[in-house]
Amino acid sequence: MSNESLANLMSEERSFPPPPALAAEANVTASAYEAAAEDRTAFWAEQARRLSWSTEPTETLDWSDPPFAKWFADGRLNVAYNCVDRHVEAGHGDRVALHFEGEPGDSRTITYAELQREVSRAANALTELGVATGDRVAVYLPMIPEAVITMLACARIGAPHSVVFGGFSADALATRIKDADARVVVTSDGGYRRGKPSALKPAVDEALTRPGTEDVRNVLVVRRTGEETAWTEGRDLWWHDVVDRQPDTHTPEAFDAEHPLYILYTSGTTGKPKGILHTSGGYLTQTAWTHHAVFDLKPETDVYWCTADVGWVTGHSYIVYGPLANGATQVLYEGTPDTPHHGRWWEIVQKYGVTLLYTAPTAIRACMKWGDEIPAKFDLSSLRILGSVGEPINPEAWMWYREHIGGNRAPVVDTWWQTETGAMMISPLPGVTAAKPGSAQVPLPGIAATVVDDDANPVPDGGGGYLVLTEPWPSMLRTIWGDDQRFLDTYWSRFPGRYFAGDGAKKDKDGDIWLLGRVDDVMLVSGHNISTTEVESALVSHPKVAEAAVVGATDPQTTQAICAFVILRGSASEDEGLVEELRAHVAKQLGAIAKPKRVLPVAELPKTRSGKIMRRLLRDVAEHRELGDVTTLTDSSVMELIQRKLPETS
Ligand code: ATP
Ligand code: MG
């Protein structure tokens, strides 16, 4: 990637300082950067003291065999005890841990004391089913309290969980069960999705007919929808039969800090899923600390809500482990944002007085498309910090989030991280950083990140290249499950000694970091590298565009030609001049070189089930190729609609 080509694109001048009242009371102030800069490992050793250890660690980082890190290696702890019991012991048993909101409108409130009893019962049940320390448990559940309870029960007995997103197919589930060699699967009859019960158990039944899944002894089934469910006697067991009769106390055992906590397969935006392995002490330290710092959590008064599914890393780190380690009160919502109406999320914010909200750009852009008047109908004045994660957030979507959801009052924190990093890495701090729309800005205290060129040299301010992490961090992946070589090849070979994140980035004139999307998505147009993110953001800055996906299609004249797919905002119509108007708009924003050759208004974009745009499929369409692997797509009919829109010749 040449530096010069990226340098002049996108110049964002807006900046929003922290609200003075928030800054004055903030959990973390600018001094954290200084402390961490002075002694990075001492800084993390200090943060590890947020946890309750049964044996306090005396070692911090062991980097004697890079890139295989050990953090707090001589410490011992129980992760579930840290997330549940210790809050009860500290006198907070009556505090609400989960405000569960089912899609049909049913709700359930679970205090920390109740959570302790539920997790204890589930841990006793898993033990009765023969799950021993080190055995893997596959979890295939909707967003119901039992998902959180199961994960914590696994952590409690030292059985690594492998959560598979409930929207994945039987094939995807079978591959993951096989790869992790799981012994028990926890699932449900189904969950509610878009106003209807949606079955889950049939996918488990089908997955377990596949070769390589024979080691699964039992399937533990939560009754959620009450729909009729096929049953394999001897193998299948109802949760209410097995878990409910267990004693509601359980003594947690301490495990080594490096004991495996879970395996999680990445969302598969780029190719074959990788089983990312996370361990206990370092992971919990960094998820808890970042949640405390970036959301400024005040556990006594805040109501936190992360809209991610527990099947993604965001759900692991910022629904289950970080918030619960911090004793947070949170909302857990089962369904979709538009069921039964487009204001469902905002209704939930109003109902529970949500103060901290964490969601993804894809959801924000969907809300922009539905219209400003929808959130305006609800009282959102409780919100005090808004988080974003998952993709680069376009500056216009950021501004919309701040204005229409945050009332121009709540700071927006754009948090960059990955399944592999386990916890947030680059993000503003709400009480410290003057926030710039669209930029994740600065590595968090204790994190070392930079942008390098092809030869691994850090780029100067104003330059662009590859995002790398230059020092180990506590919640880093320890390997790819069963495949150390792939771990080395994927992350540590492109720039020896540095972690290659696979994302393009640039540093602006202040040295702040802007994420530019995946390196694989960068386009080459007439000798210039152009980032898809920047062209997409330029399109979204047009008042008629809610969402855009841009790809480079092979072109005889220019190597690649920019092809843009756009979703229009609610009120905009697709008239004659629109395409020209949008092309001209991009040229004006970014320069003639970035002007798309083609602009196609479409109704939907292909997305992974975690809501990310799958550009490689759009590239296949733009180049009139047969589509690649569509198994991780939410809705494959979207591709047919798009293909039909595309003229045969271009
Ligand atoms: P796979 O690795 O299997 O292709 P994935 O990368 O989509 O899937 P995740 O680990 O869930 O799986 O996503 C991490 C990626 O999401 C990052 O590498 C980055 O591309 C993108 N991302 C996450 N947060 C941000 C952010 N705040 N700004 C820009 N990009 C982000
Ligand atoms: Mg990735």
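Residues numbered from 1 in each chain as written. Chains lettered and ligands numbered in written order. Predicted model: local features only at pLDDT ≥ 70, side-chain atom pairs only at ≥ 80, totals over all residues. Heavy atoms only, no water.

The name given to the protein in an unreviewed UniProt entry is Acetyl-coenzyme A synthetase, with Streptomyces spiramenti as the source organism. A UniProt comment under Sequence similarities (unreviewed entry) is attached to the protein, and it reads "Belongs to the ATP-dependent AMP-binding enzyme family." Quoted verbatim from the Cofactor (unreviewed entry) field of the UniProt record, the comment on the protein reads "Mg(2+)". (UniProt positions renumbered as here; feature names shortened; annotations may be inferred.)

A few words now on the UniProt feature "domain: AMP-binding enzyme C-terminal" (unreviewed entry) in the protein. The residues that UniProt annotates with the feature "domain: AMP-binding enzyme C-terminal" (unreviewed entry) are residues 534–612. From the first C-alpha to the last, residues 534–612 spans 16 Å; its make-up is 25% helix and 32% strand. (Helix = DSSP H or I, 4+ residues; strand = E, 2+ residues; numbered from the N terminus.)

Moving on to the side chain of Asp-508. Tracing the chain through its elements places Asp-508 in the loop between strand S24 (499–507) and strand S25 (513–518). Among the polar contacts made by the side chain of Asp-508, one reaches the main-chain amide nitrogen of Asp-510 at a distance of 2.9 Å. (Polar contact = N/O pair within 3.5 Å; in protein donor to acceptor, adjacent residues only side chain to side chain.)

Here we come to the packing of helix H11 (residues 281–294) against helix H12 (residues 313–325). Orientation of H11 relative to H12, taken along the N-to-C sense of each, is 85°, at an axis distance of 8 Å. When the axes of H11 and H12 are compared, the pair comes out roughly perpendicular. For the pair H11 and H12, contact is made by Tyr-283, Leu-284, Gln-286, Thr-287, Ala-288, Thr-290 and His-291 and by His-316, Ser-317, Tyr-318, Tyr-321, Gly-322, Pro-323 and Ala-325, respectively. Here the contact of H11 with H12 is composed, by residue class, of seven nonpolar, seven polar and no charged. (Axes fitted to C-alpha atoms, helices over the stretch in contact; angles between N-to-C directions. Parallel < 35°, antiparallel > 145°, perpendicular 65-115°, else oblique. Contact = heavy atoms within 4.5 Å. Nonpolar A, V, L, I, M, F, W, Y, C, P; charged D, E, K, R; others polar.)

Okay, the pairing of strand S9 (residues 190–193) next. Here S9 pairs with strand S10 (residues 196–199) via four bridges, running antiparallel. Note on S10: the bridge partner recorded for Arg-193 is Lys-196. (Pairing = 2+ DSSP bridges.)

What follows deals with the pairing of strand S19 (residues 385–388). On a regular strand, each side chain points to the face opposite its neighbour's, so the side chains alternate between the two faces of the sheet. The side-chain alternation of S19 yields two buried faces, one formed by Ile-385 and Gly-387 and the other by Leu-386 and Ser-388. With four bridges connecting them, strand S18 (residues 356–359) and S19 associate as parallel partners. Each bridged residue has a counterpart across the sheet, and for Leu-357 the counterpart in S19 is Leu-386. Across three bridges, S19 lies against strand S20 (residues 412–414) in parallel orientation. Within the sheet, the bridge partner assigned to Gly-387 lies in S20 and is Val-413. In this region the chain leaves S19, passes through helix H16 (residues 395–405) and returns to the parallel neighbour S20; the handedness of that crossover is right-handed. (Buried < 20%, exposed > 50% of the residue type's maximum accessible area, 1.4 Å probe, protein only. Right-handed = clockwise from strand over helix to strand, strands pointing away.)

Moving on, we come to the UniProt feature "domain: Acetyl-coenzyme A synthetase N-terminal" (unreviewed entry) in the protein. Under the UniProt annotation, "domain: Acetyl-coenzyme A synthetase N-terminal" (unreviewed entry) lies at residues 31–83. Helix makes up 42% of residues 31–83 and strand 21%. Its end C-alpha atoms lie 27 Å apart.

For the rest of this paragraph, the subject is the sheet that holds S18. Taken together, the seven strands give an open sheet; going across it, the order is S5-S4-S17-S16-S18-S19-S20, and neighbouring strands pair in mixed fashion. Edge positions in the sheet fall to strand S5 (107–111) and S20, since each has one partner strand and no second. Recorded for the sheet is a direction-independent mean angle of 20° between the axes of neighbouring strands. Bridge count for strand S4 (residues 96–101) against strand S17 (residues 330–333) is four bridges, and the pairing is parallel. Bridge pairing in S17 places Glu-101 opposite Tyr-333. Strands S18, S19 and S20 of the sheet are contacted by H16, whose axis makes an angle of about 150° with S19.

Where burial is concerned, most of helix H14 (residues 361–370) is hidden: 10 out of the 10 residues are buried. Inspection of H14 places Pro-361, Thr-362, Ala-363, Ile-364, Arg-365, Ala-366, Cys-367, Met-368, Lys-369 and Trp-370 among the buried residues, and these make up the whole buried set. A positive backbone phi angle near 120° is found at Gly-371, which sits one or two residues after H14.

In this section: unusual backbone geometry. Put simply, Pro-66 and Pro-67 share a cis peptide bond, and its omega is 0°. Here Pro-67 is to be found in the loop between strand S1 (61–65) and strand S2 (68–71). A cis amide bond links Thr-339 to the next residue, Pro-340, at an omega of -5°. Phi angles above zero are rare outside glycine, and Ser-526 is one such case at about 45°. Note on placement: Ser-526 falls in the loop between strand S26 (523–525) and strand S27 (528–530). Not every positive phi belongs to a glycine, and His-624 is a case in point at roughly 55°. If you trace the backbone, His-624 turns up in the loop between helix H20 (615–622) and helix H21 (637–645). Residue classification places His-624 among the partly exposed residues on the basis of a relative accessible area of 41%.

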